[in-house]
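An overview of the molecular structure
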Amino acid sequence: MSSQDQQTYDDRFLTQYLLGALPLDEAERLDELCVADDELATRLIAVENDLVDAYVRGELPGEDFKHFQSFYLSSAKRREKVEFATALLEFEKRSVAVPAADSQPGQEVVVGAVTLRVKHEGKPAVARKTSASRLTQWGFAFAAAMMLCAGYLLVENLRLRRQMDEAQLQHSAADQRERQLQKELNSERSANAESVKKIERLQQSQASAEEPKTVSLLLRPPTRGLAKLPTSSIPSGTDLAIVLLELESNEFPSYRASLEDPATGQNLWSSGSLQVWSLGRKKVVTVSFPAHLLKQQNYLIALTGQPARGAPESIANYPFRAVLK
Amino acid sequence: MVNRDWAPTESTFGQFLKWLDEGVDSGGEKYLEMRRRLVFYFDRKNCHASDELADETLNRVAQKLEEKGSITGLSPAHYCYIVAKFVFLEHIRKADRGQTSLDDMTQSHLRAEVPAPSRAVAVAEAKEKLDRCLDRCLGKLAAKDRDLILEYYQGEQRVKIEGRSQLAARLGLSMNALSIRACRIRNKLEACLGECCREG
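Residues numbered from 1 in each chain as written. Chains lettered and ligands numbered in written order. Predicted model: local features only at pLDDT ≥ 70, side-chain atom pairs only at ≥ 80, totals over all residues. Heavy atoms only, no water.

Remarks on the overall build of chain B
Put simply, the rule reads: Secondary structure counts use DSSP, requiring at least four H or I residues in a row for a helix and at least two E residues in a row for a strand, with both numbered from the N terminus. Buried residues are those whose accessible area, probed at 1.4 Å on protein chains only, stays under 20% of the maximum for their type, while exposed residues exceed 50% and partly exposed ones sit between those limits. By definition, residues are in contact when any of their heavy atoms lie within 4.5 Å. Only the protein chains shown count as cover for residues, and the accessible areas themselves come from Shrake-Rupley with a 1.4 Å probe.
Per the secondary structure count, chain B includes 9 helices and 0 strands. Counted from the first residue to the last, chain B has its helices and strands arranged as α-α-α-α-α-α-α-α-α. A buried classification covers 46% of the 200 residues belonging to chain B. Excluding contacts between residues fewer than 6 apart, the proportion of contacts in chain B whose partners are at least 24 apart in sequence is 61%. For chain B, the computed accessible surface area is about 10,300 Å², with 54% contributed by carbon and sulfur atoms.

Side note on the pattern of salt bridges
Quick note on the threshold: Any Lys or Arg side-chain nitrogen found within 4 Å of a carboxyl oxygen on Asp or Glu counts as a salt bridge.
Within this structure, the stated rule accounts for 24 salt bridges over all chains. The salt bridge partner of A:Asp53 is B:Arg186, with a shortest N-O separation of 2.9 Å. Taken together, the residues A:Asp53 in helix 4 (residues 38-56) and B:Arg186 in helix 9 (residues 175-199) connect one chain to another. Of the two residues, A:Asp53 and B:Arg186, neither departs from the other in class, the shared state being buried. Between B:Asp51 and B:Arg35 there is a salt bridge, with its nearest N and O atoms 3.3 Å apart. Placement of B:Asp51 in helix 3 (residues 50-68) and of B:Arg35 in helix 2 (residues 29-44) is noted, with a sequence separation of 16 residues between them. Of the residues examined, B:Asp51 reaches a relative accessible area of 29% and is grouped as partly exposed.

A word on the packing of helix 4 of chain A against helix 2 of chain B
Our working definition: Structural elements are reduced to axes, namely lines fitted to C-alpha atoms, with helices fitted over the stretch in contact, and the angle between N-to-C directions of any two is expressed from 0 to 180 degrees. The labels follow the angle: roughly parallel below 35 degrees, roughly antiparallel above 145, roughly perpendicular from 65 to 115, and oblique for the rest. Left-handed describes a crossing whose near helix is turned anticlockwise from the far helix by less than a right angle; the clockwise case is right-handed. Side-chain classes follow a simple rule in which Ala, Val, Leu, Ile, Met, Phe, Trp, Tyr, Cys and Pro form the nonpolar group, Asp, Glu, Lys and Arg form the charged group, and the remainder, Gly included, forms the polar group.
Interhelical geometry of helix 4 of chain A versus helix 2 of chain B gives an angle of 60° and a closest axis separation of 12 Å. Comparing the axis directions of helix 4 of chain A and helix 2 of chain B gives the class oblique. Where helix 4 of chain A crosses over helix 2 of chain B, the two elements pack in a sense that is left-handed. Contacts between helix 4 of chain A and helix 2 of chain B involve A:Asp38, A:Ala41, A:Leu44, A:Ile45 and A:Glu48 from the first element and B:Lys30, B:Glu33, B:Arg36, B:Arg37 and B:Phe40 from the second. Taken together, the residues that form the contact of helix 4 of chain A with helix 2 of chain B break down as 4 nonpolar, no polar and 6 charged.

A word on the pairing of strand 8 (residues 266-270) of chain A
All names here are of chain A. To be explicit about the condition: Any two strands are treated as partners once DSSP identifies two or more bridges connecting them.
Direction of pairing for strand 7 (residues 254-261) relative to strand 8: antiparallel, over a ladder of 4 bridges. Looking at strand 8, one finds that Ser-258 is bridged to Ser-270. Linkage of strand 7 to strand 8, two consecutive antiparallel strands, is achieved through a turn of 4 residues, within which Gly-265 is found at a positive phi near 75°.

Structural notes on the state of the cysteines
Here a disulfide denotes a covalent bond joining the sulfur atom of one cysteine to the sulfur atom of another. All names here are of chain B. Where we set the bar: To count as a disulfide, a pair of cysteine sulfur atoms needs to be within 2.5 Å.
Going through the model one piece at a time under the given rule, you end up with 2 disulfides over all chains. Shown here is the disulfide that connects Cys-133 with Cys-196, its sulfur atoms set 2.1 Å apart. As the torsion about the S-S bond is roughly -75°, the Cys-133-Cys-196 disulfide counts as left-handed. Here Cys-196 lies in helix 9 and Cys-133 lies in helix 6 (residues 116-140), a separation of 63 residues in the sequence. Since its relative accessible area comes to 2%, Cys-133 is described here as buried. There is a disulfide in this structure between Cys-137 and Cys-192, and the S-S distance comes to 2.1 Å. Linking Cys-137 and Cys-192, the disulfide has an S-S dihedral of approximately -85° and is accordingly described as left-handed.

Let's talk about unusual backbone geometry
It is generally the case that most residues other than glycine have a negative phi and that most peptide bonds are trans. Residue and element names in this part refer to chain B. Residue Glu-22 is not a glycine yet carries a positive backbone phi of 50°. For Glu-22, the position within the fold is in the loop between helix 1 (10-21) and helix 2. With phi around 60°, Asn-46 is a residue other than glycine that occupies positive phi space. Take Asn-46: it is sitting in the loop between helix 2 and helix 3. Among the residues examined, Asn-46 registers a relative accessible area of 9% and is labelled buried.

Thoughts on the confidence of the model for chain A
Residue and element names in this part refer to chain A. As a reminder, the rule being used: pLDDT measures the predictor's confidence residue by residue and takes values from 0 up to 100.
Per-residue pLDDT for chain A averages 73, and the proportion of residues at 70 or more is 60%. The secondary-structure element of chain A with the lowest mean pLDDT is strand 3 (residues 124-127), recorded at 44, while helix 2 (residues 11-18) shows the highest, at 93. Contacts of residues 125-151 to residues separated by more than four positions or lying in other chains number 31 contacts, the stretch itself having pLDDT below 50. With pLDDT under 50 throughout, residues 205-210 is counted as low confidence; its partners more than four residues away or in other chains account for 11 contacts.

Digging into the confidence of the model for chain B
All names here are of chain B. On average, residues of chain B carry a pLDDT of 83, and 86% of them reach 70 or more. When mean pLDDT is compared element by element in chain B, helix 2 scores highest at 94, while helix 5 (residues 102-113) scores lowest at 44. Below pLDDT 50 for its whole length, residues 100-114 participates in 15 contacts with residues either more than four positions away or in separate chains.

Details of the packing of aromatic side chains
Threshold: Stacked, edge-to-face and tilted are the three classes for Phe, Tyr and Trp ring pairs, Trp counted by its six-membered ring, which pair at centre distances within 6.5 Å; planes under 30 degrees apart are stacked, over 60 edge-to-face, the rest tilted. Here, a charge over a ring means that NZ of Lys or CZ of Arg falls within 6 Å of the ring centre while also lying within 35 degrees of the ring normal.
Here the structure, examined in full by the defined rule, presents 17 aromatic pairs over all chains. Relative to A:Tyr72, the ring of A:Phe68 lies with its centre 4.6 Å away and its plane at 20°, an arrangement referred to as stacked. Across the pair, exposure class does not vary: A:Phe68 and A:Tyr72 are buried alike. In this structure an aromatic cluster arises from ring pairing among B:Phe13, B:Phe16, B:Trp19, B:Tyr31 and B:Tyr79. Sitting above the plane of the B:Phe88 ring, B:Lys45 keeps its charged end 4.8 Å from the centroid.

Section: helix 2 of chain B
All names here are of chain B. Filter applied, for reference: Expected helix span is taken as 1.5 Å per residue step, with the number of steps being one fewer than the number of residues.
Here helix 2 is 16 residues long and its end C-alpha atoms lie 22 Å apart, about the 22 Å a rise of 1.5 Å per residue gives. For helix 2, the set of buried residues is Tyr-31, Met-34, Arg-37, Leu-38, Val-39, Phe-40, Tyr-41, Phe-42, Asp-43 and Arg-44. Among the residues trailing helix 2, Asn-46 stands out with phi positive, at a value near 60°.

Let's talk about the pairing of strand 6 (residues 240-247) of chain A
It is a general feature of regular strands that their side chains alternate between the two faces of the sheet. All names here are of chain A. Counted residue by residue, strand 6 has 8 buried out of 8 residues, so it is predominantly covered. Alternating residues of strand 6 divide into Leu-240, Ile-242, Leu-244 and Glu-246 and Ala-241, Val-243, Leu-245 and Leu-247, and every residue in both groups is buried. In this structure, strand 4 (residues 214-219) lies alongside strand 6, joined through 6 bridges in parallel fashion. Bridge pairing in strand 6 links Leu-218 to Leu-244. The pairing of strand 6 with strand 10 (residues 282-290) spans 8 bridges and is classified as antiparallel. Across the sheet, Glu-246 pairs through a bridge with Val-284, a residue of strand 10.

In structure tokens form, the structure reads like this:
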């Protein structure tokens, strides 16, 4: 990922993506990068972990909290992450609560099945349980158990009541999430309806084919002199044309491309916002469009750079010839 | 054309792993990472069967690789994304036709059929189990990894940020390298926790 991308996709932007709060085109761009870009995929995990931790610690601001409840929690997998973060936070609380006021640096205390070593700063660190420390802990454990028994029934009663309340809250939250999920699905479906129609059109000509057939073409930066026109052979039944446009330099945070008929000047197709990829040492922008747009003739792909502010700038025109087979 | 009954042979799978590795043997790590990303992709699009769809995507790519011998022009990750996009659109289309997967059915039915009092008990039991499993999984980690993850995710907001930069300085790591290491340990811990909770 380029440094420009890093600036574009700061942690706040990625958080908005995780909360389902980005516009559809921005979200789709990130969908792609989250699978295809190593660096962004790694950063996203870190941002997601911090987001989930912030939620369980009650640190999320109002809007984020609402999005978290309505979008993030709508998935069982994501709820598992929340459960994990909750358990981790509770472990942290237990580990902070366990060292007594007279705990000495280096002393070991038990939290659950792990032993924490009290550090110089007064915070516990985790260490493996040793048999020696277990012996000393039995004495403390016996005394603690006597005290615990006395308060057990009272605490247990309160705990059960709280659990009932929590369960009821979770139940109503689950219902709300279900409704929200249905809403999200409906919106996702309508947004994808056009794409589905395109696929179905393609599939009419190849009833049993379900795998998209693609053809790819790399177009180098246009030169001033006479150069041979790049040719793309399009086999019959091809669904998708994938064209990689090599850039001379990468000066914009994003780009747009359009497919044009140079004979008539007609615009046949326009892309959404495009990102730059590294292909070895080359910088490329990838565009993909339905192959049925292409006939046996010359075409032009016009590339424009999208500055962070201001009007788009024309970068280059990439001519090529389509040959149908 | 997709062959629904197709399953990779050992050599096909080996070829697929090699292709994903792009010349640097990762010992299957790249495959696992790509699968994780695809599960994330489908899950973010609210597909309940995100694991199934990720596997379907990887199967199709492996099948295509077997047919063609090689896939050039796009990076493996980018190619996987394009196939995933088609798998997603097919999934949406099937859902529109009312063909939900077994996984989808199970989830919605389970939610509808569990009575409220049982749910409260189940929640309490699940929570206890989660705490037990976390203790067990933390115990399985190497001591330095346990220290790192507990310290990295400790504290709130500013305290957490300051703590992380002190930790990075103490370990002689950049913040980025520390973040990657912490995420890796957390992933491992989450996977262990999931496995432990399923085992019972």
